[in-house]
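# Descriptive structure summary
The primary structure of each chain is shown beneath.
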Amino acid sequence: MAYDFLEQSTRLMKQAAEIGEINPDVVELLSGPGRLIAFRIPLKMDDGSSRVFDAYRVCHTDALGPTRDGTRISPDLNLDECKALALVMSIKHAAGRIPAGGGKGGIAADPGKLSKQEFERLCRAYIRYLRPSGPDCDVPGADVGTDMQSMAWMLDEYEQITGHHAPAAVNDKPPILGGTLGGYEATGLGVFEVFEAAAEQIDFKLEGARVAIQGFGQVGSVAAKAFQDAGCKVIAIREIDAGVYSEDGLDIDKLLEYREENGSLEDFPDADSISNEDLLTCDCDVLVPAALQGVITKEVAENVKARMVVEAANSPTTLEADEILLERGVTVVPDVLANAGSVHLCQMERTQGLSDDYWGAETISEQRRRRLVHSYQKAAEIAEEHGIKSVRLGAWIHALKRIEEAVLARGWC
Ligand code: NAD
């Protein structure tokens, strides 16, 4: 059965709300998005023909502050996916003590099938048709299918329409337009930093730990390098089209170089190939899903050999699988903490953009690490207070309590 991200996220919220004794009216309020818009974008193609693309923006709750985050451009994007992602973003912000709510949106389109000019026109049109209300209301950022260049076009479109310099109106833009340093590596480095904090709590030895990673994109490749630099041994990596395995450890720089030259990890010398199924259940100490949602199913969880699962991707573990992993004594470092590097970075990007005062790389790095580690420790502490093993539930309870406090203070419930 296909993975139902919205059902899983809503169920998880209700489970955490019950344990955390969250006000039922607040839970009802958070069970759906506060605001959403679905719209259609007509686009003139290079050959003179016209096409229409479905587009969305979901703002889950602005109880703690303006809604923020990703703009996904992918062929199968639908409203339910945006609703689930927006809810998770509310939790990620609140668990990280960031004064923002969850926003997510995008366009159902395949960027690979558009020319550069068509893609630029589509990104700009998204902002024209969405008409975002600015930094104090809802702030789109990048996600799957969008990057710094897409966000530069979107910010430019916003500033052209309003006639105002407003760097904080769009996140993940280039530093020259008011973006922040450290954007590309924030999530991957954060994955390692949160892992390190979790490892310390269970006396897990980093030196020589064998790591398997699914996904070698922006997040997976940066995390892989960080694991290697800390003395761990990355033994397996799988991408969409190929996988590599070496008991002696893979050289991450060589892998990056090889993929740059060959466009794929296929036939990388001095390594065996590995399938997705084998990677997820291979004999390793740390498993890092950094590609897809719903890949650690009940069946996979029963066979996971790793002592720690570090969720770099959003929602890679089903709720049933999560329970099995916990019962089997596997430490699960949940997505809302492990991959929150980018949300902390976006908060720093906002502060810099609003003040037009820009920080050095060292300050950003130090703050990202401090904020991520603190969020993990807080979630672990809350889990312990409630007598549960799940740090995931600890993070969700922490987030829900903060949102509840804001909702009640505003008199909404
Ligand atoms: P990316 O597009 O740069 O890389 C995706 C990687 O996943 C690629 O290596 C690709 O080959 C691999 N992949 C895709 N389908 C696969 C399959 N069927 N089997 C094995 N590998 C497959 O994306 P990214 O930015 O690295 O994001 C990875 C995950 O992390 C996504 O789930 C994303 O939502 C999540 N995430 C990313 C960020 C961020 O800042 N980029 C922040 C939070 C969460």
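Everything numeric here is computed off the predicted structure, so don't read it as measured data. (Residues numbered from 1 in each chain as written. Predicted model: local features only at pLDDT ≥ 70, side-chain atom pairs only at ≥ 80, totals over all residues. Heavy atoms only, no water.)

### What to know about the overall build of the protein chain
Stated formally: The way it works is that DSSP assigns letters per residue, a run of H or I at least four long becomes a helix, a run of E at least two long becomes a strand, and they are numbered from the N terminus. The globule rule is 2.2 Å times the number of residues to the power 0.38, and the radius of gyration it is compared with is taken over C-alpha atoms. For every residue, the accessible area obtained with a 1.4 Å probe (protein chains only) is divided by the maximum for its type, and the residue is called buried under 20%, exposed over 50%, and partly exposed between those limits. Surface exposure here means Shrake-Rupley accessible area, sampled with a 1.4 Å probe, where a residue is shielded only by the protein chains that are shown.
Counting its secondary structure elements, the protein chain contains 15 helices and 12 strands. Taken against the 2.2 N^0.38 rule, which gives 22 Å for 413 residues, the C-alpha radius of gyration of the protein chain at 21 Å falls within 12% of a compact globule. Principal axes of the C-alpha set define a box for the protein chain whose edges measure 55 × 55 × 45 Å. Relative to its full complement of 413 residues, the protein chain shows a buried share of 56%. When the accessible surface of the protein chain is split by element, carbon and sulfur atoms take 47% of a total near 17,500 Å².

### Some details on the site of the ligand
What counts, and what does not: Proximity criterion: a residue is near a molecule or strand once any of its heavy atoms comes within 4 Å of it. Polar contacts, as used here, are pairs of N or O atoms within 3.5 Å; protein pairs need one atom able to donate a hydrogen and one able to accept it. Residues neighboring in sequence count only if both atoms are side-chain atoms. Three residue categories are used. Nonpolar comprises Ala, Val, Leu, Ile, Met, Phe, Trp, Tyr, Cys and Pro, charged comprises Asp, Glu, Lys and Arg, and polar comprises the others, including Gly.
Lining the immediate environment of the ligand, one finds 20 residues, of which Thr187, Gln218, Val219, Glu239 and Asn276 sit closest. Gly217 places a main-chain nitrogen or oxygen 3.2 Å from an oxygen atom of the ligand. Measuring from an oxygen atom of the ligand, one finds a side-chain N or O atom of Glu239 at 2.4 Å. Protein contact buries 75% of the 830 Å² of open area that the ligand shows by itself. Residues that form the shell around the ligand fall into these classes: 8 nonpolar, 9 polar and 3 charged.

### A word on the domain arrangement of the protein chain
Often the size quoted for an interface is simply the accessible area lost on bringing the parts together. In plain terms, the rule: Note that domain bounds follow an automatic or database assignment of domains.
Structurally, the protein chain comprises domain 1 (31–94 + 101–177) and domain 2 (186–338). When each unit is reduced to the centre of its C-alpha atoms, the spacing between domain 1 and domain 2 is 30 Å.

### A closer look at helix 14 (residues 361–385)
Put simply, the rule reads: Given the number of residues in a helix, its expected span is that number minus one, multiplied by 1.5 Å. Any two residues whose heavy atoms approach within 4.5 Å at even a single point are treated as in contact.
The end-to-end C-alpha distance of helix 14, which contains 25 residues, comes to 36 Å, matching closely the 36 Å that a straight helix rising 1.5 Å per residue would cover. Within the span of helix 14, buried status applies to Ile364, Gln367, Arg368, Leu372, Val373, Ser375, Tyr376, Ala379, Ala380, Ile382 and Ala383. Its buried side turned inward, helix 14 meets helix 3 (79–95), helix 6 (186–201), strand 12 (331–333), helix 12 (335–338), helix 13 (341–355) and helix 15 (391–410). Two residues or fewer after helix 14 comes Gly387, characterised by a positive phi angle close to 70°.

### Describing the sheet that holds strand 10 (residues 286–289)
Either a parallel or an antiparallel arrangement is found when strands of a sheet pair, and the pairing is made through backbone hydrogen bonds. To keep it simple, the criterion reads: Strands are labelled as partners when DSSP assigns at least two bridges between them.
A sheet is described by the order of its strands in space; here 7 strands give the open sequence 9-8-7-6-10-11-12, paired in mixed fashion. Each having just a single partner strand, strand 9 (272–273) and strand 12 make up the two edges of the open sheet. Note that strand 6 (residues 210–214) and strand 7 (residues 233–238) share 5 bridges and pair parallel. Its bridge partner being in strand 7, Ile213 is matched across the sheet by Ile237.

### Points about the UniProt feature "site: Important for catalysis" (unreviewed entry) in the protein chain
Going by this rule: UniProt positions are given in the numbering used here, feature names are shortened, and annotations may be inferred rather than shown by experiment.
Under the UniProt annotation, "site: Important for catalysis" (unreviewed entry) lies at Asp143. For Asp143, the position within the fold is in the loop between strand 5 (138–142) and helix 5 (148–162). On the basis of relative accessibility, which here comes to 15%, the residue Asp143 falls in the buried class. Dropping the residues within four chain positions of it, Asp143 is found in contact with Asp69, Gly70, Thr71, Arg72 and Lys104.

### Section: helix 13
Relative to the 21 Å expected for 15 residues at 1.5 Å per residue, helix 13 spans 22 Å between its end C-alpha atoms, a close match to the ideal helical length. Among the 15 residues that make up helix 13, 11 are buried, leaving the element largely enclosed by the rest of the structure. Looking at the packing, one finds that the buried side of helix 13 touches strand 3 (67–74), helix 3, strand 5, helix 6 and helix 14. Downstream of helix 13 by one or two residues, Asp356 has phi in the positive range, about 55°.

### Here's the deal with the packing of aromatic side chains
Quick note on the threshold: Classification of ring pairs rests on two measures: the distance between centres of Phe, Tyr or Trp rings, Trp counted by its six-membered ring, which must be within 6.5 Å, and the angle between planes, read as stacked under 30 degrees, edge-to-face over 60 and tilted in between.
Here the structure, examined in full by the defined rule, presents 8 aromatic pairs. Both rings, one in Phe195 and one in Phe204, keep their centres 6.0 Å apart while their planes meet at 80°; by these two values the pair is edge-to-face. Taking the relative accessible area as the measure of exposure, Phe195 reaches 0% and is therefore buried. By relative accessible area, Phe204 is classed as buried at 9%. With centroids separated by 4.9 Å and ring planes inclined at 55°, the aromatic side chains of Phe195 and Phe227 adopt a geometry described as tilted.

### Remarks on the UniProt feature "active site" (unreviewed entry) in the protein chain
In the numbering used here, UniProt assigns the feature "active site" (unreviewed entry) to Lys104. As for its placement among the helices and strands, Lys104 is situated in strand 4 (residues 101–108). Not counting chain neighbours up to four residues away, the residues in contact with Lys104 comprise Arg57, Val58, Asp69, Gly70, Cys82, Leu85, Ala86, Met89 and Asp143. In terms of polar contacts, Lys104 uses its side chain to reach the side chain of Asp69, at 2.9 Å.

### Examining the sheet that holds strand 5
Cut-off, in case you're wondering: To get an axis, a line is fitted to the C-alpha atoms, and for a helix only the part in contact is used. The angle between two axes follows their N-to-C directions and goes from 0 to 180 degrees.
With respect to topology, 5 strands assemble into an open sheet ordered 1-2-4-3-5, the strand pairing being mixed. Here the strands that pair on one side only, and so sit at the sheet edges, are strand 1 (35–44) and strand 5. Each strand of the sheet is rotated relative to its neighbour by a mean of 25°, with strand direction disregarded. Relative to strand 4, strand 3 is paired through 6 bridges, and the arrangement is parallel. Counted as the bridge partner of Thr67 is Gly101 from strand 4. Against the sheet, helix 3 makes contact with strand 1, strand 2 (50–59), strand 3 and strand 4, and its axis sits at roughly 150° relative to strand 4, the strand it touches most.

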